[in-house]
Amino acid sequence: MTAPASVLDGVALDEARAGTLGQTVANVPGVQASAFGQGAGRPVIRGIDGPRVAVLADGMGTGDVSSVSQDHGVSIEPFLADRIEILKGPATLLYGSGAIGGAVNVSDGRIPEQIPDSGLDGRVQTGYDSVSSGNTQAFRLDAGSGQLAFHADGLARNDHDYAIRGAMLANSHVQTRTGALGTSWIDTWGYAGISVSRYLDNYGNPAEPGDPANADPAVQLRMQQTRVDARGALDAPLPGIDRLEWNLARIDYRHTEFEGTVAGTVFSNRSSEARLVANTRPWADWRGAFGLQVQHRDFAALGEEAFVSPTVTDASGLFATARRDIGELTADVGARIDRVTSDPSEQARRRFQPTSLSAALTWRIDLAWHLTLNLDRAQRAPGEEELFAHGPHQASMSWEIGDSALRVETANQAEIGLHFHGALLDAKASLYTNRYADFIHLADTGDFNDGLPVRRWTQRDASFRGGEVEATWHLASNQSGHYDLRLWGDRVRATFTEGGGNVPRIPSARVGSELRWHDDDWRASLGVTRYFSHDDTAFDETPTAGFTMLSAHLAWAFFNTDRQSWELFADGNNLGNRIARLSTSLIKDSVPLPGRNLNIGVRAMF
């Protein structure tokens, strides 16, 4: 399907990498992050986050519980990614109802699909962070001979409490250990492979730093996940089928929230997922794909702050897409139907049948100009926390009450985009509107329980509208190097159309600029991003002041051969040392973003 998307890879990904996936993609137009210190940060796409944005590892779910609460980390390591694709707008056709607001798909190459030409490829990187006196080391190896390929990767991160202007932010440390082994058999008929990975994370909740004077311990989260993936493809397995792709994943996830050394709430999630996609050969000038996706999720939360009942969720979906070129036009259509069953331990079972439809048209006006139109109708089944929550939730500082009678949520989106590709300028702009029927949100009741405001999951119609623009001028290319200037901006406005008022935690509007230069051995850039003040607040939400972020990057490839490349790098962020708060964060008033940071290191590719 033709859909609005952005991709981070190569040098752009190297310069964007951060400790969380949300911060890694946060400078893409239309994308920000739900920052919760250094340990947790999920992508926010066009004002949508949580259970409406799918976070994927090679097209399969992460199996964590980061969509349940902002203080829960994502079990994906950006430093080990090959490529990150961001799908803006509904992506339910491919990935189910949890992608009604978009998807972020991280490709990591842990299951090899080809054998290195030299027999061995690798990458090693080490770096030091000044803002937290932290360090990160990572490696990756890909090898193979004949039809057999192997992969190995690993990472260790140790970041201490980070600095903000004039102080250290208590309990903002993070320690990460992760790694994987994978192997594949690759032949003329396709390939088949398997990988096993382990993810360990230990980080503090800076919103609950404790108070030693009153014997109040700090809250820390310890996450562990074991994941087994299998993937393969068959080329031309049946008449009319060009390629058959299959994926399997089994994930065992668990994290414990500690108050000092005492284990408090324990979240566990055991999930299985299977996906089968058949890419068809052209038929009557149409080409496309159809597929099946099946998921099983066994979620439980036990302890003092277990605000959601243990729930077993089963989901299955059938989908199909098709494309046809008609002269200068390309038409895309698609449909998907899902069945979702949520079975809690203490309440009645709920069944849902979300249905999604999509159509897109691309007009190639000439070699330089393209015009796109996207129309989507997507539906989402409510999540377990929205249906069955009942209890204190410290991350949202509220006593949450779910509603087991919630209905399917429906998004109707229209988007128009204009793209220009020329020798001196590349540019794109888009405008979109997304009208939600029965938008699920957490509403204040005005009551209090155990000192916490009581908030109930409820439904109202809502409207999201916004736009994005990005342009890159190729200023010069001569003996001194290549010069580019990039300008960009984004804005989203979200209101309730039923009863009035603003949708909470919507991203601030932004504009940014970046001047880049590179030659054969050096590259450098200087960027400025202005976050405007956010005053379109919801009930009990505070305004967010604007701020300006200054960044810079410098890299020197000091040793290059046909087989090796060694590079020294220095990446600077928030060089103005601003007190920066994101309107998307639940804890922005007490936990600002890190202050001035210089990350220096060396990376080698061979």
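Presented here is a report on the structure given in the accompanying data block. (Residues numbered from 1 in each chain as written. Predicted model: local features only at pLDDT ≥ 70, side-chain atom pairs only at ≥ 80, totals over all residues. Heavy atoms only, no water.)

Topic: a nonpolar patch on the surface
Next up, step 1: A grouping of Trp522, Leu554, Trp556, Phe558, Phe559, Trp566 and Leu568 is seen on the molecular surface, where their side chains present a nonpolar patch of about 630 Å² in accessible area.
Next up, step 2: Mapped by element, the contributors of at least two residues to the nonpolar patch are β32 (547-560) and β33 (565-573).
Next up, step 3: Note on placement: tryptophan 566 falls in strand β33.
Next up, step 4: The class for tryptophan 566 is partly exposed, based on a relative accessible area of 34%. (Patch = residues over 30% accessible without salt bridge, like charges linked within 9 Å, V, L, I, M, F, W, Y side chains within 5 Å. Areas by Shrake-Rupley, 256 points an atom, 1.4 Å probe, with all protein chains shown as cover. Salt bridge = Lys/Arg side-chain N within 4 Å of Asp/Glu carboxyl O. Helix = DSSP H or I, 4+ residues; strand = E, 2+ residues; numbered from the N terminus. Buried < 20%, exposed > 50% of the residue type's maximum accessible area, 1.4 Å probe, protein only.)

Let's talk about empty space enclosed by the protein
Next up, step 1: Taken as a whole, this structure holds eight cavities of 30 Å³ or more when the rule is applied.
Next up, step 2: By volume, the largest cavity is sized at about 830 Å³.
Next up, step 3: In this structure, the largest cavity is lined by 41 residues; those nearest its centre are Pro51, Ser67, Gly98, Gln295 and Arg297.
Next up, step 4: Among the secondary structure elements, those contributing two or more residues to the lining of the largest cavity are β4 (53-57), β16 (241-259), β17 (262-280), β18 (286-302), β19 (311-326), β20 (329-344) and α4 (384-388).
Next up, step 5: In the lining of the largest cavity, the residues fall into 12 nonpolar, 19 polar and 10 charged.
Next up, step 6: Taken as a whole, the second largest cavity holds about 350 Å³ of empty space.
Next up, step 7: Of all the secondary-structure elements, those providing two or more residues to the lining of the second largest cavity are β14 (190-204), β15 (219-238) and β16.
Next up, step 8: For the lining of the second largest cavity, the element with the most residues is β15, which contributes six residues. (1 Å grid on protein atoms, 1.4 Å probe; cavity = no way out; pocket = protein on both sides within 12 Å on 5 of 7 lines; lining within 4 Å. Points joined across faces, edges and corners; volume = space filled by probe spheres on them. Nonpolar A, V, L, I, M, F, W, Y, C, P; charged D, E, K, R; others polar.)

Points about the pattern of salt bridges
Next up, step 1: In the structure shown here, the tally under the stated rule is 38 salt bridges.
Next up, step 2: Notably, a salt bridge pairs arginine 336 with aspartate 338, separated by 2.9 Å at the nearest N-O pair. Pair check on accessibility: arginine 336 and aspartate 338 agree, each one buried.
Next up, step 3: In this structure, aspartate 536 and arginine 493 form a salt bridge, with 3.6 Å as the shortest nitrogen-oxygen distance. Here aspartate 536, found in the loop between β31 (522-531) and β32, pairs with arginine 493, found in strand β29 (residues 481-496); they are 43 residues apart in sequence, far enough to count as distant.
Next up, step 4: By relative accessible area, aspartate 536 is classed as partly exposed at 27%.
Next up, step 5: Judged by relative accessible area, which is 21%, arginine 493 ranks as partly exposed.

As for the packing of aromatic side chains
Next up, step 1: Counted according to the given criterion, the structure contains nine aromatic pairs.
Next up, step 2: Between the aromatic rings of tyrosine 436 and phenylalanine 439, the centroid separation amounts to 5.1 Å while the plane-to-plane angle is 75 degrees, which identifies the pairing as edge-to-face. Assigned by exposure class, tyrosine 436 and phenylalanine 439 land together as buried.
Next up, step 3: Pairwise contacts between aromatic rings join Tyr436, Phe439, Phe464 and Phe496 into one cluster.
Next up, step 4: When the ring centre of phenylalanine 496 is taken as reference, the NZ or CZ atom of arginine 460 above it lies at 3.9 Å.
Next up, step 5: One cation-aromatic arrangement involves arginine 603 over phenylalanine 569; the distance from NZ or CZ to the ring centre is 4.1 Å. (Phe/Tyr/Trp six-rings, centres within 6.5 Å; stacked < 30°, edge-to-face > 60°. Lys NZ or Arg CZ within 6 Å of the ring centre and 35° of its normal.)

Note that all results are geometric; they support no functional claim without further evidence.
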